[in-house]
Amino acid sequence: MTLGAKRNIPKSVRKSMTDLVNNLIPKKLLSLLSRIFGAVALVTLIIVSYFSSKRKPDNIGELFEKWDSFLGIPLPKFLVDWPKWLDTPFMHWINKGWKSFIADYGLIFDAIGYALLRGYTELKGVIVQTPWPIVIMGVIAITYFTSGKKIGTTVFVGFCTFFIGFLNPRFWDKAIETTTMVVIGIAICIIVGIPIGIAMARSEKVRNAILPILDTMQVIPAFCYLIPGIILFGLGAIPAIISIFIYACPPLIRLTDLGIRLVDEEVIEAARSFGASKKQMLLGVQLPLALPNIMQGINQCTMMALAMVVIASMIGTRGLGDEVLLGLQQLNVGAALEAGLAIVLLAIVLDRMTQAYGDKIQERTQPGKKKN
Amino acid sequence: MSKIEIKNVYKIFGNTPDKVLPMVKEGANKEEVLEETGHTVGLDNVTLSIEEGETFVCMGLSGSGKSTLIRHLNRLIDPTDGDIIIDGKNIMEFDEQQLIDFRKHELSMVFQRFGLFPHKTVIENIGYGLEIQGKLMEERNEISMMQIEAVGLQGFENQYPNQLSGGMQQRVGLARALATNPEILLMDEAFSALDPLIRSDMQQQLIELQAKLKKTIVFITHDLDESLRLGDHIGILNGGRLVQAGTPEQIIMSPADDYVKAFVKDVNRAKVLKAKTVMVRANEFDSNNIKLSDTYKVNENVYIEEFLPKVLANNSTIIVVDNKGNTKGYITAKQLSISLSKTGYNESSKTS
């Protein structure tokens, strides 16, 4: 039943309906059932883990074999060391699931990988073939407009761009490869992340469901998904782009959610009091006012994407990270530092381009700051 | 029939308001409910009616439920129980689309902290209600310019709200509310965030606008002087309950309980009470023993402060007349001193 349909029912009828449901399934019974279910699941898990573990105690006597003491109290061995037979076969399940997953759905990932690869090569090809002065001019032009025509920032960004190639001519094409990966990664983050952020801001339930996933995405070590990425998409740029998405999307989602929820309650009430529909509210009020936060999210996303591209060089992704790795492998500290410097310059360029835009919007939407 | 009728409205904030409702209906007060259930009573059996074309001022301290009450009128907040009837229609039975249409055309709201859209210019802000109605840019700007002139903000139409002072921002808020030409205007502590001089200015502007437009205005305030100045009727809320509703004179002259008494204690009665309120009716007054040389004629709708100096100077008696010049009643110096004393009209008339 949709929300709209629910409102159509007269209040008295609706009330008696909820009463009916409440009486049919009493809340106490429901919570009791869920507890019983939890207990049964735990016991099953313990039994399963016992039977699937390789090392079982031969007899009861073995459990008490070696007496140890804890705070002076003698204890049997199985209480001191974690018993080997108390071990969920979680790893086996994941491995089994992973194998059948690849067998059944590998094709889908091939298709995604192919599509991304086409986009990546096309975009990279275009920028690489453009003469470098024109690329620098393009960067300068974009920065000039996003920064609100600030000359200082523009000149600074122009110099940084120039210096990437100036450090080492080889870096120019590599920087373009890296940037292309970052740009495609961010594009995916924006397409997926902003709608999820909006959904989270609108519904408490969605937020509670998504937050643990975001925590997982942020906390899980990068190599845990870099390596499976190779299996799914092969070596190269695509697993790097997927890793960018996993690593860099959470801050964008969080900041979109936060930005929308931080919009002044009275402004929202004002829009509602004039009869704004949900769509009008979102597009006309919430998103424009959340834009500084969303831009901050995109900025964070960019920085994290760049960091991930460098890590991804470990799984054979080309680009500036590759240069760092190469330098270190040859014990050529100079080459590694030079490449590291190029990455910093690239980071500054991308940061200034995205940051400046957010600042420009912020001036107007922050009620506290007055321009005199 | 009244323009707005609020019937037995309850509002309880918390997780399971329906379960707490019977307790509130049985007469438990706000503190008891909070202690026992953790729910906050917003409104407790509020019933009142507001006539077309009048300014109804709803007054109370913070937490008394006045802002909650005004948000029920356009259903920014839904009541836990009760009915709200506007123009003979029960707005509680509206579905989502009806509610949106109702908000678009019937009423608009002015907010305490203005609630302006910081990303829109003044003219875009004022045209927002029209934009939601689906009016085209040209028509919107035409109406908005008229409203900008009405509130005296010419020349600022392309500024952003944060470039304006508080008083100017609230004028934008007022103009935005009037732009859709609604029948009902809800004003939630609209002038509370302004400094006293600008507030007085805005009150005057509202009174002048109201004289022309004759809207039904529901005005929320915690300031008694403001409510006496603007209100045709005043309702006083305490702990979610409506403790008294009546004309300003009724509130001053016969406060319903100690809470209202405390409220009206410090008010300058001479500024609020009219001659007709304090006079003794002509048929109850023995006019033989007054000297005609010591009398002044005063219109019945004049405030006491205007003729007070004359009475003090000569100990003279005031003859109260209506607009046609007929004698309606008399006010003696003694009568006046009783009316102005702080202990209240009823008690002092008993003792004297």
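Regarding the overall build of chain B
- Across its full length, chain B holds 17 helices and 14 strands.
- Each principal axis of the C-alpha distribution contributes one length, and for chain B these read about 70 × 55 × 35 Å.
- In chain B, which comprises 352 residues, the proportion classed as buried is 54%.
- When contacts within chain B are restricted to residue pairs at least 6 apart in sequence, long-range pairs at least 24 apart make up 66% of them.
- Between the centroid of the 39 positive side chains of chain B and the centroid of its 49 negative side chains there is a distance of 4 Å.

Some remarks on the confidence of the model for chain B
- Per-residue confidence for chain B gives a mean pLDDT of 87, with 95% of residues at or over 70.
- For this predicted complex, the interface confidence reaches an ipTM of 0.83, while the overall pTM sits at 0.78.

Concerning the interface of chain B and chain A
- Facing the 35 residues of chain B at the interface are 27 residues of chain A.
- Among the residues of chain B in contact with chain A, E96, H119 and N162 of chain B are the three that bury the most area, contributing 21% of the side total.
- Across the contact surface, chain B and chain A share two salt bridges.
- The residue D264 of chain A makes a salt bridge to R113 of chain B at a minimum N-O spacing of 3.5 Å.
- Inspection of the chain B/chain A interface yields six residue pairs in polar contact (both at pLDDT 80 or more).
- Secondary-structure elements contributing two or more residues to the side of chain B that touches chain A are β4 (81-86), α4 (96-105), β6 (107-110), α6 (128-133) and α8 (166-179) of chain B.
- For the side of chain B that touches chain A, the element with the highest residue contribution is α4 of chain B, accounting for four residues.
- Residues belonging to the side of chain B that touches chain A are distributed by class as follows: 15 nonpolar, 10 polar and 10 charged.

Some words on the packing of aromatic side chains
- Throughout the structure, instances matching the rule amount to 15 aromatic pairs over all chains.
- Note on F109 of chain A and F233 of chain A: the rings are 5.6 Å apart at their centroids and 75 degrees apart in plane angle, and the pair reads as edge-to-face. Placement of the pair is F109 of chain A in helix α6 (residues 90-129) and F233 of chain A in helix α11 (residues 222-233), with a sequence separation of 124 residues. Note on accessibility: F109 of chain A and F233 of chain A belong to one class, buried.
- For the pair F274 of chain A and Y128 of chain B, a centre-to-centre distance of 6.2 Å together with 80 degrees between the ring planes defines the contact as edge-to-face. With F274 of chain A in the loop between α13 (265-273) and α14 (278-312) and Y128 of chain B in helix α6, this pair bridges two chains. Accessibility assignment for this pair places F274 of chain A and Y128 of chain B in one class, buried.

Observations concerning the sheet that holds strand β1 (residues 4-13) of chain B
Residues and elements named next belong to chain B.
- The sheet built from four strands is open, its strands ordered β2-β1-β4-β5 with antiparallel pairing. In this open sheet, the two edge strands, each paired with only one partner strand, are β2 (40-50) and β5 (89-90).
- Pairing geometry for β1 and β4, over five bridges, is antiparallel. Bridge pairing links I6 to I84 in β4.
- Relative to the sheet, helix α1 (residues 17-25) contacts β1, β2 and β4, its axis offset from that of β1 by approximately 115 degrees.

Considering the environment of F162 of chain A
All names here are of chain A.
- Tracing the backbone shows F162 in helix α8 (residues 151-167).
- C-alpha of F162 to C-alpha of A111: the two residues are 51 residues apart in sequence and 37 Å apart in space.
- F162 has contacts with W132 and I136, leaving out every residue within four places of it along the chain.

About the criteria used
Residues numbered from 1 in each chain as written. Chains lettered and ligands numbered in written order. Predicted model: local features only at pLDDT ≥ 70, side-chain atom pairs only at ≥ 80, totals over all residues. Heavy atoms only, no water. Helix = DSSP H or I, 4+ residues; strand = E, 2+ residues; numbered from the N terminus. Buried < 20%, exposed > 50% of the residue type's maximum accessible area, 1.4 Å probe, protein only. Contact = heavy atoms within 4.5 Å. Lys, Arg positive; Asp, Glu negative; His and termini not counted. Charge placed at Lys NZ, Arg CZ, Asp CG, Glu CD. pLDDT = per-residue confidence, 0-100. Buried area = accessible area lost by both parts, 1.4 Å probe. Salt bridge = Lys/Arg side-chain N within 4 Å of Asp/Glu carboxyl O. Polar contact = N/O pair within 3.5 Å; in protein donor to acceptor, adjacent residues only side chain to side chain. Nonpolar A, V, L, I, M, F, W, Y, C, P; charged D, E, K, R; others polar. Phe/Tyr/Trp six-rings, centres within 6.5 Å; stacked < 30°, edge-to-face > 60°. Pairing = 2+ DSSP bridges. Axes fitted to C-alpha atoms, helices over the stretch in contact; angles between N-to-C directions.

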